[in-house]
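# Coordinates in review
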Amino acid sequence: MASKRELIDTGTDKRYVRRDEKGRFTDVDVSKSLSQDRRKKAKTVALKVQGDQGRDTFTIKLSSERASKLQELAREAGTSPEDLLQTQVESWLSQPEAVFEEAARYVLKKNAELYRRLA
């Protein structure tokens, strides 16, 4: 079983290393510095909102294909993936109100005669 990576700070850079049972270096990740680890694209998109103003932050996990598609759609729209998601979610959440109002108007109109008789 491979040992866990250990962070070594040389003073000029930071590297991950693995040690064997005797404490000797077995694997030095020269190409995998901390900055290299940070450069990977995230597969998780977090909607950025301020929690102090009655809003919550949600984190969603996307597959690589879905994350790429989201980034492509945001680029085409000229916005960030977070802003695109926030706009779409707000639009989606406002639809049930419109659908309910339309259904209520339909029921009131259809049953207007019944309501008049019952009054």
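Above: the structure in question.
It should be emphasised that the depicted structure is a prediction, and the values quoted were computed from it without experimental measurement. (Residues numbered from 1 in each chain as written. Predicted model: local features only at pLDDT ≥ 70, side-chain atom pairs only at ≥ 80, totals over all residues. Heavy atoms only, no water.)

Another aspect to go through is the pattern of salt bridges. On inspection of all chains with the given rule, the structure shows four salt bridges. In this structure, Arg19 engages Glu6 in a salt bridge whose closest nitrogen and oxygen atoms are separated by 2.8 Å. On the criterion of sequence distance, the pair formed by Arg19 in strand 2 (residues 14–19) and Glu6 in strand 1 (residues 6–9) is long-range, its members being 13 residues apart. In this structure Glu6 comes out as partly exposed when scored by relative accessible area, which is 32%. A salt bridge links Glu113 to Arg116, with the shortest nitrogen-to-oxygen separation between them at 2.4 Å. Taken together, the residues span about one helical turn, with Glu113 and Arg116 both in helix 4 (residues 112–118) at a distance of three residues. Under the relative-accessibility criterion, Glu113 is labelled partly exposed at 37%. (Salt bridge = Lys/Arg side-chain N within 4 Å of Asp/Glu carboxyl O. Helix = DSSP H or I, 4+ residues; strand = E, 2+ residues; numbered from the N terminus. Buried < 20%, exposed > 50% of the residue type's maximum accessible area, 1.4 Å probe, protein only.)

One ladder, built from four bridges, connects strand 1 with strand 2; its direction is antiparallel. Note on strand 2: the bridge partner recorded for Ile8 is Arg15. (Pairing = 2+ DSSP bridges.)

With that settled, consider a nonpolar patch on the surface. A contiguous nonpolar surface patch, about 630 Å² in accessible area, is contributed by Tyr106, Val107, Leu108, Leu114, Tyr115 and Leu118. Sorting the residues of the nonpolar patch by element identifies helix 3 (81–110) and helix 4 as the ones contributing at least two each. With respect to the helices and strands, the residue Leu118 is situated in helix 4. A relative accessible area of 66% places Leu118 in the exposed class. (Patch = residues over 30% accessible without salt bridge, like charges linked within 9 Å, V, L, I, M, F, W, Y side chains within 5 Å. Areas by Shrake-Rupley, 256 points an atom, 1.4 Å probe, with all protein chains shown as cover.)

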